[in-house]
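# Coordinates in review
Take a look at the letters that make up each chain.
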Amino acid sequence: MIGPVDSSRVPRYAGPATFARLPRLDQVAHADVAVVGVPFDTGVSYRPGARFAPAAVREASRLLRPYHPGLDVSPFERLQVVDGGDIAVNPFHIGEAIETIDQAASDLQADGTRLVTIGGDHTIALPLLRAVSRIHGPVALLHFDAHLDTWDTYFGEPYTHGTPFRRAVEDGILDTEAISHVGTRGPLYGKKDLEDDRRLGFGIVTSSDVMRRGVDETVDALRQRIGSRPLYVSVDIDVLDPAHAPGTGTPEAGGMTSRELLEILRGLRGLDLVGADVVEVAPAYDHADITSVAASHVAYDLVSLLALKEGQ
Ligand SMILES: [Mn+2]
């Protein structure tokens, strides 16, 4: 197992910024988990800039340390975790980009490597789900987001960052008995948005629900719905309040704290996590790396959940 660069010999701020200063994929014979970037933001409806997120999150991840006390696990000792680099995609053609991501994600997972992907805008969740469902069949989905992302089209276009989960349901790649949004809030176009979403099969735990019920009750309800199904977790960083994640494309007031999000993720220990993404960090709107630091910790928790699963 090749671990991160030893920070007692090389200071954390020195050297190349791979995720958590882990080795690159080409430096190991086999990777159990690869953190990969998808620098793509052609699907955004408001502020662009998430194409710069993989680099910013890697930079912010320099401070991650190898032991996770909240989950009592040293993920990089238990699994070979690597930085899988970036999936380079066509920024001028969304359809081609989706094909490229699907193919690259399938290739990366061919010998059992699991992916924690750093977006990119939320469009990328669709090809990532397509690739993961080809291995595991229809998956349960936990979707952390301020928004539903189940709209039909924007300006007539079916593939955008606001539509991936409607497309995924249409594809039959989600287990619609176990798909939930967590942290939604903010104004919608109309009540029909919620009716359409419910018809697709989604359950909703709003940001207000999380605040009123608390983390433990929220986790219990989510776990019950997921059961033993293979689970994909997609985290739009705008699920956090703009105070905790200002650097994002479509901010909404009244969001979760980063503490709540991390605690809910830790509550998923033991579930059959098969893949995850963290999307919609837009570094140009960030301040003091608040958003990139939050995203790096979310990714670290997701990697740690995968490591715990392997240890069982
Ligand atoms: Mn989203």
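Please read all numbers here as calculations on a predicted model, not as lab measurements.

## Remarks on the side chain of Thr-218
- Locating Thr-218 in the fold gives a position in helix H8 (residues 215–226).
- Overall, the relative accessible area of 1% leaves Thr-218 in the buried class.
- Look past the residues within four positions of Thr-218 in its chain and what remains in contact with it is Val-205, Val-210, Arg-213 and Ile-264.

## Concerning the confidence of the model for the chain
- Residues at a pLDDT of 70 or more form 99% of the chain, whose mean pLDDT is 97.
- Averaged over each element, pLDDT in the chain is lowest for helix H10 (residues 290–310) (96) and highest for strand E7 (residues 230–236) (99).

## Focus: the layout of surface pockets
- Counted as a void, the largest pocket has a volume near 310 Å³.
- Surrounding the largest pocket, 18 residues form its lining, Ser-45, His-147, Tyr-189, Thr-250 and Glu-252 being those nearest its centre.
- Empty space within the second largest pocket amounts to approximately 190 Å³.
- Considering the residues around the second largest pocket, the lining is formed by 13 residues, among which Leu-63, Leu-64, Arg-65, His-297 and Tyr-300 are closest to the centre.
- The element contributing the most residues to the lining of the second largest pocket is H10, with five residues.

## With respect to the packing of aromatic side chains
- Scanning the model with the defined rule gives three aromatic pairs in all.
- Aromatic pair Trp-151 and Tyr-154: ring centres 6.4 Å apart, planes at 65 degrees, arrangement edge-to-face. Across the pair, exposure class does not vary: Trp-151 and Tyr-154 are buried alike.
- Ring pairing ties together the aromatic residues Trp-151, Tyr-154 and Tyr-189, which thus form one cluster.
- Lying over the aromatic face of Tyr-285, Arg-47 brings its terminal NZ or CZ to 4.5 Å of the ring centre.

## Brief notes about the coordination of the manganese ion
- For the manganese ion, the full set of protein donor atoms is His-122 (ND1), Asp-145 (OD), Asp-149 (OD) and Asp-236 (OD), and the range of their distances to it is 2.1 to 2.3 Å.
- Considered as a linear motif, the donors of the manganese ion on their single chain read H-x22-D-x3-D-x86-D. Placement of the pair is His-122 in the loop between strand E3 (114–119) and helix H4 (125–136) and Asp-149 in the loop between strand E4 (139–144) and helix H5 (164–171), with a sequence separation of 27 residues. For the pair His-122 and Asp-149, one class covers both residues: buried.

Rules used throughout
Residues numbered from 1 in each chain as written. Predicted model: local features only at pLDDT ≥ 70, side-chain atom pairs only at ≥ 80, totals over all residues. Heavy atoms only, no water. Helix = DSSP H or I, 4+ residues; strand = E, 2+ residues; numbered from the N terminus. Buried < 20%, exposed > 50% of the residue type's maximum accessible area, 1.4 Å probe, protein only. Contact = heavy atoms within 4.5 Å. pLDDT = per-residue confidence, 0-100. 1 Å grid on protein atoms, 1.4 Å probe; cavity = no way out; pocket = protein on both sides within 12 Å on 5 of 7 lines; lining within 4 Å. Points joined across faces, edges and corners; volume = space filled by probe spheres on them. Phe/Tyr/Trp six-rings, centres within 6.5 Å; stacked < 30°, edge-to-face > 60°. Lys NZ or Arg CZ within 6 Å of the ring centre and 35° of its normal. Donors = N, O, S within 2.8 Å, 3.2 Å for Na, K, Ca; no water.

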